[in-house]
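Overview (structure and organization)
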Protein chains: 2
Amino acid sequence: MSIASDMLRGNTDMIILAHLTQRESYGYEINKLIQEKSENRFELKEATLYGAFRRLEEAGCVSFYWGDERTGARRRYYRITPEGREAFARYRREWAEAVALITKLIVQENGLKEER
Amino acid sequence: MSIASDMLRGNTDMIILAHLTQRESYGYEINKLIQEKSENRFELKEATLYGAFRRLEEAGCVSFYWGDERTGARRRYYRITPEGREAFARYRREWAEAVALITKLIVQENGLKEER
DNA sequence: CAAATGTACATTGACAGGCGATGTATCTTG
DNA sequence: CAAGATACATCGCCTGTCAATGTACATTTG
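Now for a quick tour of the structure. (Residues numbered from 1 in each chain as written. Chains lettered and ligands numbered in written order. Predicted model: local features only at pLDDT ≥ 70, side-chain atom pairs only at ≥ 80, totals over all residues.)

1. Notes on the relation of the copies chain B and chain A
Relating one copy of the chain to the other requires a rotation about an axis plus a shift along that axis. Definition in use: Least squares is the method used to superpose the copies, on C-alpha atoms of residues holding a pLDDT of at least 70 in both. We call two residues in contact when their backbone-placed C-beta atoms lie within 7 Å.
You can overlay chain B on chain A at an RMSD of 0.1 Å; the transform is a turn of 180° with a shift of 0.0 Å along its axis. Such values leave the two copies arranged in the relation of a two-fold axis. Both copies present the same face, since 100% of the interface residues in chain B are matched by interface residues at the equivalent positions in chain A.

Now the structure itself:
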C-alpha cells in the first residue's frame, strides 16, 4: 500500500457513498472500482470495507437488498438513502474545508520571514 | 470544533513539522498558532499534541532543549532534524497524492452516464 | 493576600477505525 | 478435482485522538 491508511481514515464512508450516488452497487464491485480509479495505489481492505457498510447501514445512509444471482456468489446490493445523500454532501463540505485548512497549515511561505 | 478530528488524523505530525521548518518552537505556541491560522475551527488537543511530539522524537524527526525562562512555566523547545525535514517532504508528497486521489474518487461526474 | 486565570507540560484510560488473518460458499477453468 | 476468482463476513490487534486529570509557576483582580 503506497498511501498511508491514516490518510484514508474517516474518508472511507465518503468514498463509498460517492460511488453509491452514481449507481447502486455491491461491496466487491465498489472495491474494484476504487482500485481501478486509483491505479492500484490504494485499496480498501475487505475488513475496512465491510465495516464501513455496517456503519453506513446503522446510520441509515444506505439500505440493501440481496441480488438474485442465478450463478456465482450472492451479492448484497447497496442503495444510498436520502439521509445518505445529505451525509455525503456534508462529508464533501467538511473534506474540502479540511483540505483547505491543512494545506494552509503546511504551505511553506518561502522567503517570508516571520519575525515579530 | 467544526472540523472532525478524523479529517485531521494522521496529519498532526506533518502539521507540527511544518511549523518547525519555519522556526523552533514549543508545544503550547504551536497549538496557539494552529488555532489562529485555522480561525479556531480546529484545535489540536493537548493529549494529541504531546503524543505527537513523543512520536516525532522517537522517530528522530525532532530534538528538543529546555528553554531558560527566568519567569513563567518552563518550555520545551523543539527543533526539526534533517530526518524530520525528509519526513516532512515525504508527508507532503503523500498528502498531495492522497488528496488528489480522494478528490478523484468523490468527484461527481454529473451528466456522465456510466453504463457499460 | 487569596482566588482566578493563563501559561506550559504530561499521563491515563477509553474509544473508534483500519487491517491482517481467517473462514464461509459458489462458480469457472485447466 | 485443484486452483483461482467472486463475494461476504468476523475476530483481535494496533494506533491516533481525546476527555479527564494532574503538576507548577506567574499574573491579575477583588
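2. Some points on the pairing of strand E3 (residues 76–80) of chain B
Residue and element names in this part refer to chain B. The condition that has to hold: Any two strands with at least two DSSP bridges between them are considered paired. Helix and strand assignments come from DSSP, with helices taken as H or I runs of at least 4 residues and strands as E runs of at least 2, each series counted from the N terminus.
Pairing of strand E1 (residues 25–26) with E3, which is carried by two bridges, proceeds in the antiparallel orientation. The partner of Tyr-26 across the bridge, within E3, is Tyr-77. Bridge count between strand E2 (residues 62–66) and E3: five bridges; the pairing is antiparallel. Of the residues in E3, the one forming a bridge with Tyr-65 is Tyr-77.

3. Structural notes on the protein's contact with DNA strand C
Note the threshold: Residues are counted as near a molecule or strand when the C-beta atom, derived from backbone positions, lies within 6 Å of that molecule or strand. Each residue is assigned to one of three groups, with Ala, Val, Leu, Ile, Met, Phe, Trp, Tyr, Cys and Pro labelled nonpolar, Asp, Glu, Lys and Arg labelled charged, and all others, Gly among them, labelled polar.
Inspection of the region around DNA strand C gives 28 residues, with A:Ser5, A:Ala47, B:Tyr26, B:Gly27 and B:Tyr28 positioned closest. Going through the elements one at a time, helix H1 (5–8) and helix H4 (46–58) of chain A together with helix H3 (27–37) and helix H4 (46–58) of chain B are the ones with two or more residues in the surface near DNA strand C. In terms of residue count, the dominant contributor to the surface near DNA strand C is H4(A) (six residues). For the surface near DNA strand C, the residue count by class is eleven nonpolar, nine polar and eight charged.

4. Concerning the interface of chain B and chain A
The interface of chain B with chain A comprises 30 residues on the first partner and 31 residues on the second. Secondary-structure elements contributing two or more residues to the side of chain B that touches chain A are helix H1 (5–8), helix H2 (12–22), H3 and helix H5 (82–106) of chain B. Ranked by residue count, the leading element in the side of chain B that touches chain A is H5(B), at ten residues. Residues that form the side of chain B that touches chain A fall into these classes: 14 nonpolar, six polar and ten charged.

5. What to know about the sheet that holds E3(B)
If you walk across this open sheet you meet the three strands as E1-E3-E2 (chain B), and the pairing is antiparallel. Bordering the open sheet on either side are E1 and E2 of chain B, each of which pairs with just one other strand.

6. Side note on the nonpolar core
We count it as follows: Take the buried Ala, Val, Leu, Ile, Met, Phe, Trp, Tyr and Cys residues, join any whose C-beta atoms are within 7 Å, and the set you get is a nonpolar core. Comment: burial labels come from other C-beta atoms within 10 Å of the residue's own C-beta, placed from the backbone, where a count of 20 or more is buried, 12 or fewer is exposed, and between is partly exposed.
Of all hydrophobic cores here, the largest spans 50 residues; its most connected members are A:Ile16, A:Leu17, B:Ile16 and B:Leu17. Dropping the residues within four chain positions of it, B:Ile16 is found in contact with B:Ile30, B:Ala52 and B:Leu56.

7. Things to note about the protein's contact with DNA strand D
In the vicinity of DNA strand D there are 28 residues, among which A:Tyr26, A:Gly27, A:Tyr28, B:Ser5 and B:Ala47 approach most closely. Counting residues per element, the ones that place at least two in the surface near DNA strand D are helix H3 (27–37) and H4 of chain A together with H1 and H4 of chain B. When residues of the surface near DNA strand D are assigned to their parent elements, the largest contribution, six residues, is made by H4(B).

8. Some points on H2(B)
The element H2(B) is extensively covered by neighbouring structure, given that eight of its eleven residues are classed as buried. Within the span of H2(B), buried status applies to B:Thr12, B:Asp13, B:Ile15, B:Ile16, B:Leu17, B:Ala18, B:His19 and B:Leu20.

9. Overview of the packing of helix H2 (residues 12–22) of chain A against H5(B)
Defined as follows: Comment: axis = line fitted to C-alpha atoms, over the contacting stretch for helices; angle = value between 0 and 180 degrees taken between N-to-C directions.
Running from amino to carboxyl end, H2(A) crosses H5(B) at an angle of 35°, the nearest separation of the two axes being 8 Å. Residues A:Met14, A:Ile15 and A:Ala18 of H2(A) form the contact with H5(B), whose participating residues are B:Ile102, B:Leu105 and B:Ile106. Among the residues forming the contact of H2(A) with H5(B), the class breakdown is six nonpolar, no polar and no charged.

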